[in-house]
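Letter by letter, the chains look like this.
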Amino acid sequence: MDHATARATERAEGASLDEVSSGLRVWHRRAMATLDARDVRTPSGPIPTRVYLSDHGGGATLVLAPGAGASQAHPFLVAVSSAVADAGVHVVTFDFAYMAAGKKLPDRMPALLTTYTAVLEDVRERMGGAVSVGGKSMGARVAALVRAAEPELVAYVALGYPL
């Protein structure tokens, strides 16, 4: 996370950032979640992820995708991810391949599904435990298709769903 993004996140959430690096601690009014950054390999190349580790989690993880016009660093997604981690569920966010490549126009659905599935598989291997999927807007649409194809996923979370 660059300093400009950190400052924007700070203003949007009313939070302060202690470190801007791997192992970032995001401080909130009630609790804190440990944030770790990692790339996941996909057919389109490496995809950046953020892992919000709950300090009181029981092993459940939510994979949360951003909307079409935003990255995982968007203040809304950061705030939601931090709040969910504060409540006891680990959260993994990521950028779709087009966003990671600096493009504005989203990929077609098959490419979006490939990216989401690659992140999901990485989460299963790395984190274990119960896994749920979700997203904001376009990310919610992709997550719904992933959930429909994989009924063993525990839950589905939609933060705005485009019809």
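The notes below deal with the structure included here. In every chain, residue numbers begin from 1 and rise along the written sequence. In keeping with the model being predicted, local features are shown solely for residues with a pLDDT of at least 70 and side-chain atom pairs are shown and tallied solely at 80 or more, while totals for entire chains, interfaces and linings include all residues. With hydrogens and water set aside, each side-chain value is computed from the structure's full complement of heavy atoms.

## Quick notes on the nonpolar core
Within the largest apolar cluster, 21 residues are counted, with the highest numbers of intra-cluster contacts made by Val63, Phe94, Phe96 and Tyr116. Taken together, the elements giving at least two residues each to this core come down to strand E3 (45-54), strand E4 (61-65), strand E5 (90-94), helix H3 (97-100), helix H4 (109-127), strand E6 (131-136) and helix H5 (138-149). The element contributing the most residues to this core is H4, with five residues. If we skip the residues at most four places from it in the chain, Tyr116 touches Val63, Leu64, Ala65, Phe94, Phe96, Val133, Gly134, Gly139, Val142, Ala143 and Val146. Residues Tyr52, Leu62, Leu77 and Val91 belong to the second largest nonpolar core, which totals nine residues. Take the buried Ala, Val, Leu, Ile, Met, Phe, Trp, Tyr and Cys residues and link them wherever side-chain atoms come within 4.5 Å; each set so joined is a nonpolar core. The buried label goes to any residue with under 20% of its type's maximum accessible area, the exposed label to any with over 50%, and the partly exposed label to all in between, with areas taken from a 1.4 Å probe on protein chains only. Segments assigned H or I by DSSP are reported as helices when at least four residues long, segments assigned E as strands when at least two residues long, and all are numbered from the N terminus. Contacts are assigned to residue pairs with any non-hydrogen atoms lying within 4.5 Å of each other.

## With respect to the packing of H4 against H5
Following both chains from N to C, one finds H4 and H5 inclined at 70°, their axes separated by 10 Å at the closest point. The angle between H4 and H5 places the two elements in the roughly perpendicular class. Of the residues in H5, those in contact with Met109, Leu112, Leu113, Tyr116, Thr117 and Leu120 of H4 are Met138, Gly139, Arg141, Val142, Ala143, Leu145 and Val146. When the residues that make up the contact of H4 with H5 are grouped by side-chain class, the tally is ten nonpolar, two polar and one charged. Helix axes are fitted to C-alpha atoms over the stretch in contact, other axes to C-alpha atoms as well, and angles between N-to-C directions run from 0 to 180 degrees. Angle categories: roughly parallel below 35 degrees, roughly antiparallel above 145, roughly perpendicular from 65 to 115, and oblique for all the rest. Each residue receives one of three labels: charged for Asp, Glu, Lys and Arg, nonpolar for Ala, Val, Leu, Ile, Met, Phe, Trp, Tyr, Cys and Pro, and polar for the others, Gly being one of them.

## Some details on the environment of Ser132
Structurally, Ser132 is set in strand E6. Take Ser132: its relative accessible area is 12%, and that puts it in the buried class. Between the C-alpha atoms of Ser132 and Val157, which are 25 residues apart in sequence, the distance is 7.8 Å. Residues in contact with Ser132, not counting those within four places in the same chain, are Thr61, Leu62, Val63, Val154 and Ala155. One polar contact links the side chain of Ser132 to the main-chain amide nitrogen of Ala155, over a distance of 3.2 Å. Counted as a polar contact is a pair of N or O atoms within 3.5 Å, where, for protein atoms, one must be capable of donating a hydrogen and the other of accepting one, and residues adjacent in sequence contribute only when both atoms are in side chains.

## So, the pattern of salt bridges
Salt bridge, as applied in this entry: a Lys or Arg side-chain nitrogen positioned within 4 Å of an Asp or Glu carboxyl oxygen. Counted under the stated rule, the structure contains five salt bridges. Linking Glu152 and Arg124 is a salt bridge whose minimum nitrogen-to-oxygen distance equals 3.2 Å. Here the residue Glu152 occupies a position in the loop between H5 and strand E7 (156-159), and Arg124 occupies one in helix H4, the gap between them amounting to 28 residues. When its relative accessible area of 54% is taken as the criterion, Glu152 is described as exposed. Each of Glu121, Arg124, Glu150 and Glu152 takes part in salt bridges that share partners, so that together they form one network.

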